[in-house]
Amino acid sequence: MVIHKKILDEAIATWQAGQLVAMPTETVYGLGADACNDEAVAAIFARKGRPQFNPLIVHVANQPMAASYVQFNEKALALAEAFWPGPLTLVLPRTSDCPVSLLASAGGDTLGVRMPAHPVAQALLQAFGRGVAAPSANRSGRISPTCAAHVREEFADNPPFIIEGDAASIGLESTVIGLASDSAVLLRPGSITQQEIEAVIGPVELAHAQSAITSPGMLASHYAPSHRLRLNVSEVREGEVLLAFGDDVPQGVQQVLNLSPAGDLKQAAARLFAYMRQADTLAETGIAVMPIPMEGIGVAINDRLRRAAAKK
Ligand code: TXA
Ligand code: MG
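Residues numbered from 1 in each chain as written. Chains lettered and ligands numbered in written order. Predicted model: local features only at pLDDT ≥ 70, side-chain atom pairs only at ≥ 80, totals over all residues. Heavy atoms only, no water.

Considerations on the packing of helix H8 (residues 265-282) against helix H9 (residues 298-309)
Right, on to step 1. Where H8 contacts H9, the axes come no closer than 9 Å and their chain directions differ by 20 degrees. By the angle between their directions, the pair H8 and H9 is classed as roughly parallel. In the crossing of H8 with H9, the sense of the turn from one axis to the other is left-handed. Across the interface between the two elements, Leu265, Ala268, Ala269, Leu272, Phe273 and Met276 of H8 pack against Gly298, Ile301, Arg304, Leu305 and Ala308 of H9.
Right, on to step 2. Class assignment for the residues of the contact of H8 with H9 results in 9 nonpolar, 1 polar and 1 charged. (Axes fitted to C-alpha atoms, helices over the stretch in contact; angles between N-to-C directions. Helix = DSSP H or I, 4+ residues; strand = E, 2+ residues; numbered from the N terminus. Parallel < 35°, antiparallel > 145°, perpendicular 65-115°, else oblique. Left-handed = near helix turned anticlockwise from the far one by under 90°. Contact = heavy atoms within 4.5 Å. Nonpolar A, V, L, I, M, F, W, Y, C, P; charged D, E, K, R; others polar.)

Here is the structure:
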């Protein structure tokens, strides 16, 4: 068994009581609550300090559960078929009798749904038998947690019930695709790339910066460490920690954290948030980041780095 029966029962009882459980997924840790319980969903916003206009993803155990919450169209069905369970969130119109709290839709008529692949998340969702609303388990605007220790760090004063698990295998949040209108829109890049999605459903539009309110994960400043980040650096300044990539690292730098000495983008993605946290602790003046290629998951890595570097 991937999760001890006693822990599973405790987690389910916690959700049934309207309280929060932090659970591992293959992307990042989620801060989950019963999606159909208004007070429980409100508690997620409160605990994260999350603005009410930012909608939540509902995690489902299976396709019929998803279909009872949102209206699938052809493209959505094709994407679910191709990529679920996995790191893909589909934003679709709510069904007319959708039981999910309207707070999860932030007052809109769409809902983001995802079927996670992580065996612990799967076991929890199947046992609970209802959708679980779960944003990343960090305080709003901060770096997403990729292991249980990060979640404890985020909520040190008042930790939720946290399920221990391995570090997230992907390490970046799911790809979010908007399918509520005729055209498909990439609302957040992730490990499933635009090209992989287009291979299944044809052309996908990129979300514009001005559509920030339709997907606040696209807000300019997000995933932010407390130190300033400089991107695409070739020289490191006094007091900076270097987040390196590949083997061509500038000489003589005091503090180097290499995201992937072999230049493997998947490894870099899996380490990114943990290394950003570590760099933030070690840095005196700032964090310098070497260029990361814009290929495959590199697009999502650069997206998160840009937001982490944006002015608050
Ligand atoms: O990998 C993930 O997606 C993780 C794990 C826990 O599943 N969750 C996650 O949730 O990253 P969160 O809340 O940190 O990010 C959700 C993103 C936000 O950018 C939000 O604006 C967007 O999805 N989103 C959710 N529902 C939406 C909706 N109805 N319309 C537009 N965007 C939506
Ligand atoms: Mg988040």
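Okay, back to it.
Quick look at the sheet that holds strand E11 (residues 228-230)
Right, on to step 1. Reading across the sheet, the 4 strands line up as E11-E14-E12-E13 and stay open at both edges, with parallel pairing between neighbours. This sheet does not close on itself; its edge strands, each paired only once, are E11 and strand E13 (255-258). For this sheet, the mean angle separating the axes of adjacent strands, direction not counted, is 25 degrees.
Right, on to step 2. Direction of pairing for strand E12 (residues 240-244) relative to E13: parallel, over a ladder of 4 bridges. If you follow Leu243 over to E13, its bridge partner there is Leu257.
Right, on to step 3. On top of the sheet, H8 reaches E12, E13 and strand E14 (286-289); it is set at about 170 degrees to E13, its chief contact. (Pairing = 2+ DSSP bridges.)

What to know about the packing of aromatic side chains
Two aromatic rings, taken as a pair, are described by how far apart their centres are and by the angle between their planes.
Right, on to step 1. For the coordinates displayed, the defined rule picks out 2 aromatic pairs.
Right, on to step 2. With a centroid separation of 6.1 Å and 85 degrees between ring planes, the pair formed by Phe72 and Trp84 is classed as edge-to-face. Of this pair, Phe72 sits in the loop between helix H3 (63-69) and helix H4 (74-83) while Trp84 is found in the loop between H4 and strand E4 (88-93), placing the two residues 12 residues apart along the sequence. Like Trp84, Phe72 is buried. (Phe/Tyr/Trp six-rings, centres within 6.5 Å; stacked < 30°, edge-to-face > 60°. Buried < 20%, exposed > 50% of the residue type's maximum accessible area, 1.4 Å probe, protein only.)

Some points on the side chain of Ser101
Right, on to step 1. For Ser101, the position within the fold is in the loop between E4 and strand E5 (110-114).
Right, on to step 2. Among all residues touching Ser101, those that are not within four sequence positions of it are Ala35, Cys36, Asn37, Asp38, Val41 and Arg94.

Quick word on the sheet that holds strand E6 (residues 132-133)
Right, on to step 1. Taken in spatial order, the 10 strands line up as E7-E1-E2-E6-E3-E5-E4-E8-E9-E10 in an open sheet, and their pairing is mixed. Edge positions in the sheet fall to strand E7 (161-162) and strand E10 (204-206), since each has one partner strand and no second.
Right, on to step 2. Inspection of the sheet shows strand E9 (residues 184-188) paired to E10 by 3 bridges, in the parallel sense. Residue Ala184 lies in a different strand from E10, and its bridge partner there is Val204.
Right, on to step 3. On the sheet, helix H2 (residues 38-48) packs against strand E2 (30-34) and E6 and is oriented at approximately 155 degrees with respect to E2.

Some words on the state of the cysteines
Right, on to step 1. By the definition in use, this model includes 0 disulfides.
Right, on to step 2. Free of any disulfide, Cys98 has its nearest neighbouring cysteine sulfur in Cys36, separated by 7.1 Å. (Disulfide = S-S within 2.5 Å.)

So, the nonpolar core
Right, on to step 1. Counting 62 residues, the largest nonpolar core has Leu90 and Leu124 as its most contacted members.
Right, on to step 2. Ranked by residues supplied to this core, first place goes to helix H5 (residues 119-128) with 5 residues.
Right, on to step 3. The residues touching Leu90, leaving out its near neighbours within four places in the chain, are Phe72, Ala76, Leu79, Ala80, Trp84, Leu111, Gly112, Val113, Ile177 and Leu179. (Core = buried A, V, L, I, M, F, W, Y, C linked by side-chain atoms within 4.5 Å.)

What to know about the packing of helix H1 (residues 5-16) against H5
Right, on to step 1. Contact geometry of H1 with H5 gives a least axis separation of 10 Å together with a crossing angle of 55 degrees. As judged from the angle between their axes, H1 and H5 are oblique. Here the hand of the crossing between H1 and H5 comes out right-handed. Note on element contacts: H5 touches H1 through Ala123, Leu124, Ala127 and Phe128, opposite Leu8, Ala11, Ile12, Trp15 and Gln16.
Right, on to step 2. Per-class residue counts for the contact of H1 with H5 are 8 nonpolar, 1 polar and no charged.

Let's talk about the environment of Val204
Right, on to step 1. With respect to the secondary-structure elements, Val204 resides in strand E10.
Right, on to step 2. Of the residues examined, Val204 reaches a relative accessible area of 9% and is grouped as buried.
Right, on to step 3. Taking C-alpha positions, Val204 is 44 Å from Lys6, a pair spaced 198 residues apart along the chain.

Overview of the pairing of E9
Right, on to step 1. Of all the 5 residues making up E9, 5 are buried; the element is thus mostly covered by neighbouring parts of the structure.
Right, on to step 2. One ladder, built from 3 bridges, connects strand E8 (residues 175-178) with E9; its direction is antiparallel. Bridging across to E9, Gly178 finds its partner in Val185.
Right, on to step 3. Linking two consecutive strands that pair antiparallel, namely E8 and E9, is a turn of 5 residues.
Right, on to step 4. With helix H7 (residues 194-201) bridging E9 and its parallel neighbour E10, the resulting β-α-β unit is right-handed. (Right-handed = clockwise from strand over helix to strand, strands pointing away.)

A short note on H4
Right, on to step 1. Taken residue by residue, H4 has Ala76, Leu79, Ala80 and Phe83 as its buried positions. Viewed end-on, H4 has its buried residues packed into an arc of 100 degrees, placing them on one side of the element. Away from the buried face of H4 by more than 90 degrees, exposed residues Glu74 and Glu81 are located.
Right, on to step 2. In this fold, the buried residues of H4 make contact with H3, E4, E8 and H7. (Arc of directions from axis to C-beta.)

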